[in-house]
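Notes for the structure review
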Amino acid sequence: MAKDAFAHIEDKELLNRFYSDGNNQWLGILLQRYTLLLYGVCNKYLKDEEEAKDAVQQIFLKVITEVQKYKVDYFKSWLYMVAKNLCLMKIREKHGRVPLEISDKFAAAEDGFSKTDLLKKDQTLSLIEEGLKELNAEQKLCLTLFYLQKQTYQQITDFTGFNLLQVKSYIQNGKRNLKLIVEKKMKKVNG
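Residues numbered from 1 in each chain as written. Predicted model: local features only at pLDDT ≥ 70, side-chain atom pairs only at ≥ 80, totals over all residues. Heavy atoms only, no water.

1. Description of helix 4 (residues 35-46)
The terminal C-alpha atoms of helix 4 lie 16 Å apart, and with twelve residues this matches the ideal 16 Å at 1.5 Å per residue to within 8%. Within the span of helix 4, buried status applies to Leu38, Val41, Cys42, Tyr45 and Leu46. Burial along helix 4 is one-sided: seen end-on, the buried residues are contained in an arc of 110 degrees. Elements that come into contact with the buried residues of helix 4 comprise helix 5 (49-66) and helix 6 (75-95). (Helix = DSSP H or I, 4+ residues; strand = E, 2+ residues; numbered from the N terminus. Expected span 1.5 Å × (residues − 1). Buried < 20%, exposed > 50% of the residue type's maximum accessible area, 1.4 Å probe, protein only. Arc of directions from axis to C-beta. Contact = heavy atoms within 4.5 Å.)

The structure is reproduced here in structure tokens:
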């Protein structure tokens, strides 16, 4: 199998070969390495095997068209973020935002929160989502895996290839930086 023939070549080297000669074969090898990972991520978010398979194909196409636009240093981390973002987009398309009329009727029933509380919570979540985009790739990935996917430090080190100290540092610094970014954005929003 072609994959085995290139198993000794690291992701970064395959990417460099792609960037230097534009041969999609190098991307194909990389994508083949992470097909199961992509499927797992998509299945976790979309909770449907067929949708997950379709999403993986869409990610392949997106990677082929998008990777040329960036200088990707950590392919696996970047690929994970592409997959996550595509899945979240699909979920939003499918479920959309709750219309105001519906949220008015159910606002009182939702754990005693008022409509104002719910809007503030939604606004805060939006600011956190925006803030995540401003973090560096390592911090963003580690925070996402730790807080949103509830992975352990060990699972994150296995997944990313970062050592334990790096993971802890990325999470700690990412959390602090995200808090500062969100506070700054809240001040702008609230005047």
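More follows now that the structure is in view.
2. Observations concerning the packing of aromatic side chains
All chains considered together, the criterion is met by eight aromatic pairs. Seen in terms of ring centroids, tyrosine 34 and phenylalanine 75 are 6.2 Å apart; in terms of plane orientation they differ by 40 degrees. Their pairing is tilted. Residue tyrosine 34 is found in the loop between helix 3 (24-33) and helix 4, and its partner phenylalanine 75 is found in helix 6; the two are separated by 41 residues along the sequence. Both residues of the pair, tyrosine 34 and phenylalanine 75, belong to the buried class. Taking the centre distance of 6.1 Å and the plane angle of 40 degrees together, the rings of phenylalanine 75 and tryptophan 78 count as tilted. (Phe/Tyr/Trp six-rings, centres within 6.5 Å; stacked < 30°, edge-to-face > 60°.)

3. Remarks on the pattern of salt bridges
Pairing between side chains of opposite charge can happen when their charged atoms approach one another. Inspection of every chain in the model, using the stated rule, returns eight salt bridges. The salt bridge involving glutamate 50 is made with lysine 53; its shortest N-O contact spans 3.6 Å. Remark: lysine 53 and glutamate 50 occur in helix 5; sequence separation between them is three residues, near one turn of the helix. Its relative accessible area of 41% is what places lysine 53 among the partly exposed residues. Put simply, lysine 179 and glutamate 183 hold a salt bridge, and the shortest N to O gap is 3.8 Å. Highlighted residues: lysine 179 and glutamate 183, both in helix 11 (residues 164-190), separated by four residues, approximately one helical turn. (Salt bridge = Lys/Arg side-chain N within 4 Å of Asp/Glu carboxyl O.)

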